[in-house]
Amino acid sequence: MIQRITDQISVFRDDLYPYLGGGNKARKMMALDEIIKSQGVNAIVTTGGIQSNHCRAVALYSKKNNIKCTLVLHGDQERLFSESGNAKVIKGSGATMIFSNACEIGKNMDVALRTYREQGYNPFYLNGGGHTLEGGYCYTDELEKLVDSGYVPDYIFLASGSGTTQAGLLAGVTRKGLDIKVIGISVGRTTEKAENCIQEFYKELCKTYGIDGKRAKVIVDDSFLCGGYEKYNNQIKQIADDSMANYGFPLDTTYTAKAFYGMQQIIEKRHITGQVLFWYTGGIYNYLAK
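These notes cover the structure that comes with them. As the structure is a prediction and not an experimental result, all values here were calculated from the model.

Things to note about the overall build of the protein chain
For the protein chain, the helix and strand inventory stands at 12 helices and 10 strands. Taking 19 Å as the expected radius of gyration for a compact globule of 290 residues, we find that the protein chain reaches 19 Å, a close match to that expectation. With respect to the three principal axes, the spread of C-alpha positions in the protein chain is 60 × 45 × 35 Å. Relative to its full complement of 290 residues, the protein chain shows a buried share of 54%. In the protein chain, once contacts between residues fewer than 6 apart in sequence are set aside, the share between residues at least 24 apart is 76%.

Below, the structure written as structure tokens:
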């Protein structure tokens, strides 16, 4: 669904995706549905933070399909049990939760995977953030559906984390032969690291799915990090606080309000005049977290 909020800015409401609580992480999880079922997967191991949209989607998918689930979580364990939002959904899902230091996440995921195998399960190792080719490609499809419907923006802005969504959109731009600028507002990484990761994944997407055409430019702006992941300034907080009244959907300070603020600043400072689409990846769970 496209929602117009000004004469210049429209919003793609990915939060209205009707599965697993909606948002881009739910869409990416469902992109794996056919593979998981065809391979007879009966256990999933993945990772994320205590307010991870990805972990929420995986936990709900696993519960719905009677699949064992282990979440290797990083962050303050006490926060998980005191906060709402994604944390509340995760706690109620029945998933096994393992708390880990950042440097031991990979090791703990490997242990969980090995344990499932020893118990006779057929486990699926799922990268954090739903960072899979299938997850990226579903956004290539979404971009094409958007364009085929007759709406072609000049710019797309979105919160950029693992970069899977941005890479998928860029692959769609390439396949359609368009000149849409897809600008990621980084929520945690530096521009150099983010652009390098997205560029490599974008190339892999194009190669895997036979996408030919002029390569789209990867653009990630880290000017609005405010010190790092989950950090924000007063302007971002104000946008989040006023978002339900102003737009009818919630923007959260970790992802979408930060991206929305960055978009506004870039439009103003660069005097952008074309049609802009804000790709709203979802935010209700983070908005209600505390």
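Here's the deal with unusual backbone geometry
Even without being a glycine, Leu20 presents a positive backbone phi close to 55°. Here Leu20 lies in the loop between strand S2 (9-13) and helix H1 (24-30). Since its relative accessible area comes to 11%, Leu20 is described here as buried. Within the chain, Asn66 stands out as a residue other than glycine whose phi angle is a positive 55°. Mapping Asn66 onto the fold places it in the loop between helix H3 (53-64) and strand S4 (68-74).

Definitions and limits used
- Residues numbered from 1 in each chain as written.
- Predicted model: local features only at pLDDT ≥ 70, side-chain atom pairs only at ≥ 80, totals over all residues.
- Heavy atoms only, no water.
- Helix = DSSP H or I, 4+ residues; strand = E, 2+ residues; numbered from the N terminus.
- Rg over C-alpha atoms; globule rule 2.2 N^0.38 Å.
- Buried < 20%, exposed > 50% of the residue type's maximum accessible area, 1.4 Å probe, protein only.
- Contact = heavy atoms within 4.5 Å.

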